Amino acid sequence: DSIPCPYLFLKKINNFIKKKNIDQICDLGSGFGKILYFFGKIKKINIDGVELEKKIYDLSLNLQCDKIKIYNQDILTFDLNTKKYELFIFNDPLKNSSDLLKLILRIKKNYKSVYLIFINLDFNKQKLIKKNLIINDQFVASSNKNIFFCSMKWVVPPPRIELRIYPYHGHVMPFNYRGAWNWL
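Before going into details, it helps to say that this report is about the structure given with it. Treat the numbers as computed from the prediction; the structure is a model and nothing was measured.

Observations regarding the packing of helix α1 (residues 7–20) against helix α2 (residues 34–42)
Remark: α1 packs on α2, axes separated minimally by 11 Å, with the N-to-C direction vectors making an angle of 40 degrees. Looking at the two axes, α1 sits oblique to α2. In this structure, the crossing between α1 and α2 has a hand that is right-handed. Here Y7, L10, I13, N14 and I17 of α1 lie close against α2, whose contacting residues are K34, I35, F38 and F39.

Some remarks on the pattern of salt bridges
This structure, assessed with the given rule, holds four salt bridges. Of the charged contacts in the structure, one is a salt bridge between D48 and K83, with a shortest N-O distance of 3.0 Å. You can see D48 sitting in strand β2 (residues 46–50) and its partner K83 sitting in the loop between β3 (68–71) and β4 (87–90), a full 35 residues away along the chain. For D48, a relative accessible area of 1% puts it in the buried group. Residue K54 pairs with D58 through a salt bridge whose shortest N-O separation is 2.9 Å. Placement of the pair is K54 and D58 together in helix α3 (residues 54–60), with a separation of four residues, close to one helical turn. Judged by relative accessible area, D58 falls into the partly exposed class, the value being 38%.

A short note on unusual backbone geometry
One non-glycine residue, N21, lies in positive phi territory at about 55 degrees. The residue N21 is located in the loop between α1 and β1 (24–28) in this model. Even without a glycine there, the phi angle at K44 is positive, about 60 degrees. Within the element layout of this structure, K44 appears in the loop between α2 and β2. Looking at K44, the relative accessible area reads 53%, which means it is exposed.

Quick look at empty space enclosed by the protein
Here the structure, examined in full by the defined rule, presents one cavity of 30 Å³ or more. Its volume calculated, the largest cavity comes out at about 30 Å³. In terms of lining, the largest cavity is formed by F90, D92, P93, L94, L100 and L121.

Describing the sheet that holds β4
Across the sheet, which stays open at both edges, the seven strands sit in the order β3-β2-β1-β4-β5-β7-β6 with mixed pairing between neighbours. Bordering the open sheet on either side are β3 and β6 (133–140), each of which pairs with just one other strand. Shown here is a sheet whose adjacent strand axes are inclined to one another by a mean of 20 degrees, direction ignored. In the sheet, β1 pairs with β2 via five bridges, with the strands oriented parallel. Paired with D27 across the strands is G49, a residue of β2.

Procedures and definitions
- Residues numbered from 1 in each chain as written.
- Predicted model: local features only at pLDDT ≥ 70, side-chain atom pairs only at ≥ 80, totals over all residues.
- Heavy atoms only, no water.
- Axes fitted to C-alpha atoms, helices over the stretch in contact; angles between N-to-C directions.
- Helix = DSSP H or I, 4+ residues; strand = E, 2+ residues; numbered from the N terminus.
- Parallel < 35°, antiparallel > 145°, perpendicular 65-115°, else oblique.
- Left-handed = near helix turned anticlockwise from the far one by under 90°.
- Contact = heavy atoms within 4.5 Å.
- Salt bridge = Lys/Arg side-chain N within 4 Å of Asp/Glu carboxyl O.
- Buried < 20%, exposed > 50% of the residue type's maximum accessible area, 1.4 Å probe, protein only.
- 1 Å grid on protein atoms, 1.4 Å probe; cavity = no way out; pocket = protein on both sides within 12 Å on 5 of 7 lines; lining within 4 Å.
- Points joined across faces, edges and corners; volume = space filled by probe spheres on them.
- Pairing = 2+ DSSP bridges.

Here you go:
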C-alpha cells in the first residue's frame, strides 16, 4: 500500500536538506511519487525513487525528468551505489522490522556517512532505528505519524588491555593501549 507523506513532513525534510546542503536523495519505496515530485520538480533537487509494485511504478513514470529517476526494483536488493546518495528517505515501505534492519545494515556496509529519514514508523521499527542509528531530530504527531532524522551510529570498540609479565616482579601488570596502569 502506498501511503503519501504529509505536507508538513515534506517541509521539515526540506529544511533539513537545506541545512545539510544535500543534493542527491534516494526515496526507497517511492510509491506514486509525492516525495519525488516535491523535491525533484518543485525544489529542483536530484532524487531517485525505488518502487517495487509495477502498477504504482508505471503510474509514477510520468514524473521522470533530468532531476528524477525512478527504478522498478526491490529496495532490499537495489544497488545503493547507483549514485553517491547523501540522504535516504523511507516512508515505511516495509512490512517486517527484520527487513528494515537488513536495509539499515546494507546502507551501513555501503556508506560511512549518510543521512536517513524515516516517516510513519510503528513502535517496533522506532525501537530498531533508535538502537542502530543516531537520532538527530524527530517529530511525533502520534504513535504511527512521525518522522525521524538519523545518521550512522558506529560502535567504537573498548580500549585494548594488554597484560605484561615483568620478570623482576613475577606478577602481571595490566596496561591499556595508551600505556597507563589499569588496576584490577
